[in-house]
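# Residue-level structure breakdown
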There are 2 protein chains.
Amino acid sequence: MARITPISGFPEWLPEQRIVEQRITDTLRDVFELHGFASVETRAVETVAQLLRKGDIDKEVYGIRRLAADAGEDTDPAKALALHFDLTVPFARYVLENAGKLTFPFRRYQIQKVWRGERPQEGRYREFTQADIDVVNVDELDFTYDIEVTLVMAAAYQRLQTLGLPHITLHTNNRKLAEGFYQGLELADTASVLRIVDKLDKIGPEKVAALLTSDAGASETQAEQCLKLAQIKTDDSSFVDQVKSLGVANELLDEGLHELATVVDAVNATSPGYIKADLSIARGLDYYTGTVIESFMTGYEKLGAVGAGGRYEKLASDGKKTYPGVGLSFGISRTLGPLFAEGLRADRNTPVTALVAVTNEEERATASKVATMLRGRGIGCIVSPTAAKFGKQIKQADKRGIPYVWFPGADGAADQVKDIRSGDQHDADAETWQPPAVDTAAQFVWPNAGD
Amino acid sequence: MARITPISGFPEWLPEQRIVEQRITDTLRDVFELHGFASVETRAVETVAQLLRKGDIDKEVYGIRRLAADAGEDTDPAKALALHFDLTVPFARYVLENAGKLTFPFRRYQIQKVWRGERPQEGRYREFTQADIDVVNVDELDFTYDIEVTLVMAAAYQRLQTLGLPHITLHTNNRKLAEGFYQGLELADTASVLRIVDKLDKIGPEKVAALLTSDAGASETQAEQCLKLAQIKTDDSSFVDQVKSLGVANELLDEGLHELATVVDAVNATSPGYIKADLSIARGLDYYTGTVIESFMTGYEKLGAVGAGGRYEKLASDGKKTYPGVGLSFGISRTLGPLFAEGLRADRNTPVTALVAVTNEEERATASKVATMLRGRGIGCIVSPTAAKFGKQIKQADKRGIPYVWFPGADGAADQVKDIRSGDQHDADAETWQPPAVDTAAQFVWPNAGD
């Protein structure tokens, strides 16, 4: 057989990395479910027509087709299938399809893989896992849900940090604020202004100013004001005064200022330090209508946003009813990929806490009995694959990062358990022994943490 | 927009069904991890060459291709990608690719979606979720792992039944037993015999006997003996005597009898009733070399097997080393699809236990504070979307299947909590209140269970 090599852009993790990913996923799920978000999984495919509906031709969509298909089969875009490139388009379709069976306002989370045929590069994958939360309602969705989804994601980031992940900050802005400000400046083509300001990070302030005057009909003063607005970043709601000092008056601007200040204050009250007002955040996609957010991981800003989202008045519509929504997405693969590359892993490559030693092959049944007892009490364990010398069996445990080795007692002697890290060994009873809580789940290990 | 309709063969579940699926998946994961199986997720795609390696042209493979691909791009089968149709082929590839980084014997579980472009029919999907466990080793894998994977899957079925799923039984056979028996009968083409006997369920004994004489060179007596063997089914190891009474002597047969009896006895010792010796089980695929298993769900036998697997001496090979394995697969979608169709669902469409009522919009912050306190102690809740009359808020909870409604006390009065099923209402403190354990997780509900 030809040598097997990875496929670029389709990452796969080793068991000791996958355990980290599972812990991250479990933690997100716990936070989302405590807040009433129900799990939804949509099928991996949508019709090509559905995926291209918004004319997102820049998304590199993967079509699927049976290898045994006939020549003309499945070429109609209304029937041809393709892999979803995000979780928002499928969710919008799911809401329309099941509207009669869902209870609104409907909170859902969705943790699934998505596929994009982009050129693979650092932090960009062709297959990756996202975690999305959204609240959607019929006709109208109260602003209180903008606060709620932001609070929930901040709570999630806080929990991820306690696991050992870097700090992640929600950079928040509001479309009404920017739109109102441009209107107040009497700029006619606010959409163009927004699109150009969105390039600030990539092309810098000089080029943005030049484009604003050449392409968006702005005067030099107007361009300067737009740039000043976009450069405001505060950790609290003090941005309001900074915006007001620019001297632009507009009702929509005031509404945006109020909304953004409310979100920032609410998050700072429960998860201080996890949010910033960042008036450079625009989000290219045009369906956002209020709150807009991009999340950045401290020390890994070069990755770009590891999360994003906001408010959209028209997440979905069936012609009769409109479904407004607000949601946030978090890139699990995008966050973990670079951390794995730096060596992040679990302290073991197995989910268990103990290895039960086998004294000799005749005593394997005794070892199995101990294992069954421990498992019955929720303590994961494996029975040693061989009845080799105890030193070798301990090495097996060590190789897997398993902290405890259990020795069944021979001839009526008590069983013993050994912490192979410290060497401590003492009598133990499989019906009562309890390892310290910290050892029952894998811990995260970093290469620079003296490991 | 055109009316949105489901895509045949790509099932999606409502939140109250998805909660059931999550509980099933969590339970499988718990059992697998307690036994030392590490989670692995492989990418959704393999190269077309890899997938078609075994010449499984009957599998309907979905190729994937960028919609924006150039004409000649990715047509080489060594580079062209397709969606995996099972979890065994990707796992074999993963083991070869990462052999230097895994600790052997390597136990892994894998719960993922797979895709097959089959004609959709009852119990057959084009996208479905499977749960696989396998143990793989280098060069040799002890027979003790045949026992272990069978015990683990039996323990899983036992746990699923306590959740309310129907009984599932492991129908077990052994290739050595059948092969040795045919050799003992002096049938030359044992592979053909096996393939024909595998059709017993579909075409019945008369046609099998006819095929055995016409296509596999068997005499009528030989054909009769083969049929007698295949019709032996016992709940314990008494099949050994039944086989011996057929009067065929062969060493391989004896080895197979011993292995099968050992597996059946071991499972009966820990999970009585979850295994049967069923000598009609053949498993069409030719790579099995010892233990072979198909699982059937009581009352749903018409679905065919809901799980399958066995021992394969050559799961993978890189030309230098061979990796034998033993594993079992369980079809989550195949099992749940028909149960959902009959009405199985969770008693709520949200993961939470309580709805916190809002007395009036000014008091929403009070309700949020209660919610934060409850969540901090692991009790999931949502704050009422509206400050409507309490009767309406209770109806909101009822619609979602949430068992408790919390009323924040006004003007220094104590908070109260109401069990909306019984109507019981009493004073409660958000810092100490604990709902009964049975209410903290959703329960399974059946349409015929008086719901």
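Quick caveat, the model's predicted, so the values are computed rather than measured.

## What to know about the overall build of chain A
If you tally the helices and strands in chain A, you get 14 helices and 19 strands. Out of the 451 residues in chain A, the part that is buried amounts to 59%. The contacts in chain A between residues at least 6 apart in sequence include a share of 69% that link residues at least 24 apart. Summing over all exposed atoms, chain A offers an accessible surface of approximately 18800 Å²; the carbon and sulfur share of this is 48%. Mean positive and mean negative side-chain charge positions of chain A (51 and 65 charges, respectively) differ by 6 Å.

## A word on the nonpolar core
Membership of the largest hydrophobic core comes to 87 residues, with the highest contact counts inside it found for Leu28, Phe32, Tyr182, Leu212 and Phe239 of chain A. When residues of this core are assigned to their parent elements, the largest contribution, 10 residues, is made by helix H4 (residues 144–163) of chain A. By size, the runner-up hydrophobic cluster in this structure holds 84 residues, among which are Val31, Tyr109, Ile196 and Val208 of chain B.

## Here we look at the interface of chain B and chain A
Tallying the contact residues gives 81 residues for chain B and 81 residues for chain A. At the surface where chain B touches chain A, the tally comes to 10 salt bridges. Residues Arg29 of chain A and Asp26 of chain B are paired through a salt bridge, measuring 2.8 Å at the closest nitrogen-oxygen approach. The interface formed by chain B and chain A includes 36 residue pairs in polar contact (both at pLDDT 80 or more).

## Notes on the packing of aromatic side chains
For any pair of aromatic rings, geometry is given as the distance between the ring centres together with the angle between the planes. By the definition in use, this model includes 25 aromatic pairs over all chains. Joined through ring pairs, the aromatic side chains of Tyr287, Tyr288 and Tyr312 of chain A make up one cluster. The ring of Phe91 of chain A is capped by Arg108 of chain A, whose NZ or CZ atom sits 3.8 Å from the centre of that ring. Across the ring face of Tyr404 of chain B, the terminal group of Arg421 of chain B is positioned such that the distance to the ring centre comes to 5.5 Å.

## Examining the relation of the copies chain B and chain A
If you rotate chain B by 180 degrees and push it 0.0 Å along the axis, it lands on chain A with an RMSD of 0.0 Å. Such a combination of rotation and displacement between the chain copies is what one expects of a two-fold axis. When C-alpha positions in chain B are compared against the rotation axis, the closest is assigned to Ile64 of chain B, at 2.2 Å.

## A look at helix H12 (residues 364–376) of chain B
Side chains that are three or four residues apart share a direction in an α-helix, a result of its 3.6 residues per turn. Here H12 of chain B spans 18 Å end to end across 13 residues, near enough to the 18 Å set by a 1.5 Å rise per residue. Those residues of H12 of chain B that sit buried are Arg364, Ala367, Val370, Ala371, Leu374 and Arg375 of chain B. Viewed along the axis of H12 of chain B, the buried residues span an arc of 130 degrees, placing them on a single side of the element. When the buried face of H12 of chain B is taken as reference, the exposed residues oriented beyond 90 degrees from it are Ala365, Lys369 and Gly376 of chain B. Contacts made by the buried residues of H12 of chain B are with helix H1 (15–34) and H4 of chain A together with strand E14 (354–356), strand E15 (381–383) and strand E16 (404–407) of chain B.

## Let's talk about the pattern of salt bridges
Residues and elements named next belong to chain A. For the structure shown, the criterion picks out 52 salt bridges over all chains. Put simply, Arg283 and Glu294 hold a salt bridge, and the shortest N to O gap is 2.9 Å. In this pair, Arg283 sits in the loop between strand E9 (275–278) and strand E10 (291–297) while Glu294 sits in strand E10, placing the two residues 11 residues apart along the sequence. Glu294 gets classed as buried once you look at its relative accessible area, which sits at 14%.

## A word on the sheet that holds strand E14 (residues 354–356) of chain A
Residues and elements named next belong to chain A. Pairing is mixed in the open sheet, where five strands are placed in the order E15-E14-E16-E17-E18. If you trace the sheet from one side to the other, it starts and ends with strand E15 (381–383) and strand E18 (425–428), each paired once. Strand after strand, the sheet turns through a mean of 25 degrees between neighbouring axes, direction not considered. Direction of pairing for E14 relative to strand E16 (residues 404–407): parallel, over a ladder of three bridges. In the sheet register, Ala354 faces E16, and the bridge partner there is Tyr404. Packed on one face of the sheet, helix H12 (residues 364–376) meets E14, E15, E16 and strand E17 (415–419) and runs near 170 degrees to E15. Against the sheet, helix H13 (residues 390–400) makes contact with E14, E15, E16 and E17, and its axis sits at roughly 150 degrees relative to E16, the strand it touches most.

## Here's the deal with the pairing of E10 of chain A
Along a regular strand, successive side chains alternate from one face of the sheet to the other. All names here are of chain A. By the criterion of burial, E10 is predominantly enclosed, with seven of the seven residues buried. Along E10, one buried face is formed by Thr291, Ile293, Ser295 and Met297 and the opposite face, lined by Val292, Glu294 and Phe296, is buried too. Pairing analysis gives four bridges linking E10 to strand E11 (residues 307–317), with the strands arranged antiparallel. Note on E11: the bridge partner recorded for Val292 is Gly310.

## Describing the side chain of Gln17 of chain A
Residue and element names in this part refer to chain A. With respect to the helices, strands and loops of the structure, Gln17 is situated in helix H1. In this structure Gln17 comes out as buried when scored by relative accessible area, which is 14%. Each residue touching Gln17, except ones within four places of it in the same chain, is listed here: Glu12, Phe340 and Leu344.

## Topic: the packing of helix H6 (residues 190–197) of chain A against helix H7 (residues 200–215) of chain A
Each packed pair of helices is defined by two parameters, the angle between the axes and the distance between the axes. Residues and elements named next belong to chain A. For the pair H6 and H7, interaxial distance at closest approach is 8 Å and the crossing angle is 150 degrees. By the angle between their directions, the pair H6 and H7 is classed as roughly antiparallel. Facing Val193, Ile196 and Val197 of H6, the residues of H7 in contact are Leu200, Val208, Leu211, Leu212 and Asp215. The residue makeup of the contact of H6 with H7, split by class, is seven nonpolar, no polar and one charged.

## Topic: the environment of Pro105 of chain B
If you trace the backbone, Pro105 of chain B turns up in the loop between helix H3 (88–98) and strand E5 (106–115). Residue Pro105 of chain B is classed as buried on the basis of its relative accessible area of 6%. On a C-alpha basis, the gap between Pro105 of chain B and Asp142 of chain B in space is 9.6 Å, while along the polypeptide they are 37 residues apart. Those residues in contact with Pro105 of chain B that sit more than four places away from it in its chain are Pro385 and Arg400 of chain A together with Val135, Val136, Asn137 and Tyr145 of chain B.

## Concerning H12 of chain A
The secondary structure elements touched by the buried residues of H12 of chain A are E14, E15, E16 and E17 of chain A together with helix H1 (15–34) and helix H4 (144–163) of chain B. Within two residues after H12 of chain A, Gly378 of chain A carries a phi angle of roughly 85 degrees, on the positive side.

## Examining the confidence of the model for chain A
Per-residue confidence for chain A gives a mean pLDDT of 93; residues scoring 70 or more make up 96%. Interface scoring of the predicted complex returns ipTM 0.96; its pTM is 0.96.

## What about unusual backbone geometry?
Residue and element names in this part refer to chain A. In this structure, Pro105 follows Phe104 across a cis peptide bond, with omega equal to -10 degrees. Notably, Asp139 is not glycine yet its phi reads approximately 70 degrees, a positive angle. Position of Asp139 relative to the elements: it lies in the loop between strand E6 (127–136) and H4. The phi dihedral of Asp411 falls on the positive side, at around 55 degrees, and the residue is not glycine.

## Details of the side chain of Arg400 of chain B
Position of Arg400 of chain B among the secondary structure elements: in helix H13 (residues 390–400). One buried charged side chain, Arg400 of chain B, makes no salt bridge at all; its nearest oppositely charged neighbour is Glu148 of chain A, positioned 9.5 Å away. A distance of 3.5 Å separates the side chain of Arg400 of chain B from the backbone oxygen of Phe104 of chain A, its partner in a polar contact. A distance of 3.0 Å separates a polar side-chain atom of Arg400 of chain B from the backbone oxygen of Pro105 of chain A. The contact partners of Arg400 of chain B, leaving out residues within four places of it in the chain, are Thr103, Phe104 and Pro105 of chain A together with Arg348, Asn349, Thr350 and Ile382 of chain B.

## So, the sheet that holds strand E1 (residues 38–39) of chain B
Residues and elements named next belong to chain B. With mixed pairing, the nine strands of this open sheet are ordered in space as E1-E5-E6-E12-E11-E10-E7-E9-E8. Both outer strands of the open sheet, E1 and strand E8 (233–234), are each paired with one neighbouring strand and no more. Summarising the sheet, E1 and E5 pair through two bridges and their orientation is parallel. Within the sheet, the bridge partner assigned to Ala38 lies in E5 and is Arg108. Here H4 sits on the sheet in contact with E5, strand E6 (127–136), strand E7 (168–174), strand E9 (275–278), strand E10 (291–297), strand E11 (307–317) and strand E12 (322–331), set at roughly 15 degrees to E12. Sitting on the sheet, helix H11 (residues 332–341) is in contact with E5, E6, E10 and E12, with an inclination near 10 degrees to E12.

Scoring rules and cut-offs
- Residues numbered from 1 in each chain as written.
- Chains lettered and ligands numbered in written order.
- Predicted model: local features only at pLDDT ≥ 70, side-chain atom pairs only at ≥ 80, totals over all residues.
- Heavy atoms only, no water.
- Helix = DSSP H or I, 4+ residues; strand = E, 2+ residues; numbered from the N terminus.
- Buried < 20%, exposed > 50% of the residue type's maximum accessible area, 1.4 Å probe, protein only.
- Contact = heavy atoms within 4.5 Å.
- Areas by Shrake-Rupley, 256 points an atom, 1.4 Å probe, with all protein chains shown as cover.
- Lys, Arg positive; Asp, Glu negative; His and termini not counted.
- Charge placed at Lys NZ, Arg CZ, Asp CG, Glu CD.
- Core = buried A, V, L, I, M, F, W, Y, C linked by side-chain atoms within 4.5 Å.
- Salt bridge = Lys/Arg side-chain N within 4 Å of Asp/Glu carboxyl O.
- Polar contact = N/O pair within 3.5 Å; in protein donor to acceptor, adjacent residues only side chain to side chain.
- Phe/Tyr/Trp six-rings, centres within 6.5 Å; stacked < 30°, edge-to-face > 60°.
- Lys NZ or Arg CZ within 6 Å of the ring centre and 35° of its normal.
- Least-squares fit on C-alpha atoms with pLDDT ≥ 70 in both.
- Expected span 1.5 Å × (residues − 1).
- Arc of directions from axis to C-beta.
- Pairing = 2+ DSSP bridges.
- Axes fitted to C-alpha atoms, helices over the stretch in contact; angles between N-to-C directions.
- Parallel < 35°, antiparallel > 145°, perpendicular 65-115°, else oblique.
- Nonpolar A, V, L, I, M, F, W, Y, C, P; charged D, E, K, R; others polar.
- pLDDT = per-residue confidence, 0-100.

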